[in-house]
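# Survey of secondary and tertiary structure
The primary structure of each chain is shown beneath.
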Amino acid sequence: MEISGKGVFLTGGARGIGRKLIEALLAKGARVFFCDINESVGRETESELRKQYGDDRVIFQQCDVTKADQFKATFDMAVSNFGAVDVCCNNAGIMDESVPEKMIAINTTAQIRGSQLALEHMRRDRGGRGGVIVSTVSMGGLISSCVAPVYVASKHAMIGYMQSMAFSVYQKEQGVRWISLCPFGVNTNFISPKEEQVIDKDVFLATLDVFGVIELEDVAGAFMRLLQNENNNGAIMESMRMAFTKVWFLEKVLASLENVALNKPAQQVSVYVAASKAVDGNTDGVFANGSCTHTRTPVEDVTWWKVFIRCLWTTLELSEKLINRLKPFLPPDAQ
């Protein structure tokens, strides 16, 4: 997809992942209309970006995405300013287990509402010109977590919604592509929660210490690759530390070894990268700091024995490290 000249609507863009996505889009020539509940930070971000990219390229509007009428009015402003919205990025989200209803309203209900607004505007079968709907979901939509169960539930719901819309029988005639961005351990305020925002902060931090942190630039790079690939409807882009991906490799590597027993070429065994579901995937990029991304799309052929040894070693290392870090929080009979 050619980004230059496209009109983008993005929620939760004042700071963090949202702001970094805006910067990446502007650098590629897009025009971005973004909203955020924090008006002062939003205006500051708008002012800073306008100095670099021009007043006509970036527009901010304060908005509470949990208020349906306000959300629709804000989306309509984006359409009015740009003539059309080609890309809708539902990015706003929170992690706070002390306010479960609010978290679901922002992470799930508002993202679905934004998607529906964008779909009605974009769909070719009703006069639109097509487009892309992106959901910033997080790895919370693909894994489980005892320290943030409601957060995880809100993200699992979005994966279900995005996948359902992507594989709708009407998708082709609508001309709208549905894609999900799933980062893990991003260096934002999410990795430093307050005590009440997670069930057990010590366990949360211990787990994060094991799996590591990635930078905003890594997420933006993954996002741009995801967006620019026009043939990836339904794709889920995962962005995380390399070690985490290696752990997930192991289960599918072991399954792939059966191919060798069936006399298939040992040097070209297909390895499936997946979490709880057996979904094909391939590594898209590895960053200097050790983080990596992969999209759940076509299978990648690799030299099976090298991957197997690397995955086995990494899994053993991480298992020992995780157990040692979590020991203080386990009951005596489990140690």
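Residues numbered from 1 in each chain as written. Predicted model: local features only at pLDDT ≥ 70, side-chain atom pairs only at ≥ 80, totals over all residues. Heavy atoms only, no water.

Labelled according to an unreviewed UniProt entry, the protein chain appears under the name 15-hydroxyprostaglandin dehydrogenase [NAD(+)], originating from Pomacea canaliculata. The annotation that UniProt attaches to the protein chain under Sequence similarities (unreviewed entry) is "Belongs to the short-chain dehydrogenases/reductases (SDR) family." (UniProt positions renumbered as here; feature names shortened; annotations may be inferred.)

Here the focus is the packing of aromatic side chains. If you walk through the whole model with that rule in mind, you get six aromatic pairs. Ring geometry for tyrosine 161 versus tryptophan 178: centroids 6.0 Å apart, planes at 80°, classification edge-to-face. Taken together, the residues tyrosine 161 in helix 5 (residues 149–166) and tryptophan 178 in strand 6 (residues 176–183) connect sequence positions 17 residues apart. Exposure class is identical for tyrosine 161 and tryptophan 178. Each is buried. (Phe/Tyr/Trp six-rings, centres within 6.5 Å; stacked < 30°, edge-to-face > 60°. Helix = DSSP H or I, 4+ residues; strand = E, 2+ residues; numbered from the N terminus. Buried < 20%, exposed > 50% of the residue type's maximum accessible area, 1.4 Å probe, protein only.)

So, about the UniProt feature "transmembrane region" (unreviewed entry) in the protein chain. Annotation from UniProt places "transmembrane region" (unreviewed entry) at residues 132–152. The distance separating the terminal C-alpha atoms of residues 132–152 is 24 Å; by composition the span is 19% helix and 24% strand.

Let us now look at the pattern of salt bridges. Tallied over the entire structure, the rule returns 12 salt bridges. Across the pair aspartate 76 and lysine 72 runs a salt bridge whose closest N-O atoms are separated by 2.9 Å. One end of the pair is aspartate 76 and the other is lysine 72, both in helix 3 (residues 68–82) and four residues apart, which spans about a single turn. With a closest N to O distance of 2.9 Å, aspartate 86 and arginine 129 form a salt bridge. With aspartate 86 in the loop between helix 3 and strand 4 (87–90) and arginine 129 in the loop between helix 4 (100–122) and strand 5 (131–136), the pair connects residues that are 43 residues apart, well separated along the chain. A residue is classified by how much of its surface remains accessible, and aspartate 86, at 6% relative accessible area, is buried. (Salt bridge = Lys/Arg side-chain N within 4 Å of Asp/Glu carboxyl O.)

A word on the side chain of glutamate 46. Considering the arrangement of structural elements, one finds glutamate 46 in helix 2 (residues 39–53). Its relative accessible area of 9% is what places glutamate 46 among the buried residues. Other than its neighbours up to four places away in sequence, glutamate 46 contacts Phe34, Val58, Ile59 and Phe60. (Contact = heavy atoms within 4.5 Å.)

Below, the discussion takes up the pairing of strand 3 (residues 58–62). Direction of pairing for strand 2 (residues 31–36) relative to strand 3: parallel, over a ladder of five bridges. Within strand 3, the position partnered with cysteine 35 by the bridge is glutamine 61. With helix 2 bridging strand 2 and its parallel neighbour strand 3, the resulting β-α-β unit is right-handed. (Pairing = 2+ DSSP bridges. Right-handed = clockwise from strand over helix to strand, strands pointing away.)

Counting 39 residues, the largest nonpolar core has Phe9, Ile133 and Trp178 as the members making the most contacts within it. Setting aside residues up to four positions removed in sequence, tryptophan 178 forms contacts with Ser115, Leu119, Ile133, Tyr161, Met162, Met165, Ala166, Gln171, Asn232, Asn233, Gly234 and Ala235. Leu49, Val132, Ala220 and Ala222 belong to the second largest nonpolar core, which has 35 residues in total. (Core = buried A, V, L, I, M, F, W, Y, C linked by side-chain atoms within 4.5 Å.)

Across the interface, helix 1 (residues 16–27) lies against helix 2 with an axial gap of 12 Å and an inter-helix angle of 15°. By the angle class used here, helix 1 and helix 2 are roughly parallel. Handedness of the helix 1/helix 2 crossing: right-handed. For the pair formed by helix 1 and helix 2, the contact residues are Arg19, Ile22, Glu23, Leu26 and Ala27 on the first element and Thr45, Glu48, Leu49 and Tyr53 on the second. Here the contact of helix 1 with helix 2 is built from residues that sort into five nonpolar, one polar and three charged. (Axes fitted to C-alpha atoms, helices over the stretch in contact; angles between N-to-C directions. Parallel < 35°, antiparallel > 145°, perpendicular 65-115°, else oblique. Left-handed = near helix turned anticlockwise from the far one by under 90°. Nonpolar A, V, L, I, M, F, W, Y, C, P; charged D, E, K, R; others polar.)

This part takes up helix 1. The first and last C-alpha atoms of helix 1 sit 17 Å apart over 12 residues, in line with the 16 Å expected at 1.5 Å per residue. Every buried residue of helix 1 is listed here: Ile17, Gly18, Lys20, Leu21, Ile22, Ala24, Leu25 and Leu26. Directly beyond the C-terminal end of helix 1, a positive phi value near 95° is found at glycine 29. (Expected span 1.5 Å × (residues − 1).)

Assignment of secondary structure puts glutamine 171 in helix 6 (residues 171–174). Taking the C-alpha atoms as reference points, glutamine 171 and arginine 123, 48 residues apart in sequence, are found 9.0 Å from one another. Sequence-distant contacts of glutamine 171, that is, excluding residues within four places in its chain, are made with Met165, Ala166, Val176, Arg177, Trp178 and Asn233.

Scored by pLDDT, the protein chain has a mean of 81; 72% of the residues are at 70 or more. Scored below 50 in pLDDT, residues 243–294 makes 133 contacts in the model with residues more than four places away or belonging to other chains. (pLDDT = per-residue confidence, 0-100.)

Looking now at helix 3. Taking 1.5 Å per residue as the helical rise, helix 3 with its 15 residues ought to reach 21 Å, and the 21 Å between its terminal C-alpha atoms agrees with that figure. Those residues of helix 3 that are buried lie in contact with strand 1 (7–11), strand 2, strand 3, strand 4 and helix 4. Positive backbone phi, approximately 90°, marks glycine 83, located one or two places after helix 3.

Each pair of packed helices gets described by two things: the angle between the helix axes and the distance between those axes. Axis separation between helix 1 and helix 8 (residues 216–228) bottoms out at 9 Å; the angle between their running directions is 55°. By the angle between their directions, the pair helix 1 and helix 8 is classed as oblique. Crossing of helix 1 over helix 8 shows right-handed handedness. Between helix 1 and helix 8, the residues in contact are Gly16, Ile17, Lys20, Leu21, Ala24 and Leu25 and Leu216, Glu217, Val219, Ala220, Phe223, Met224 and Leu227, respectively. Partitioning the contact of helix 1 with helix 8 into residue classes produces 10 nonpolar, one polar and two charged.

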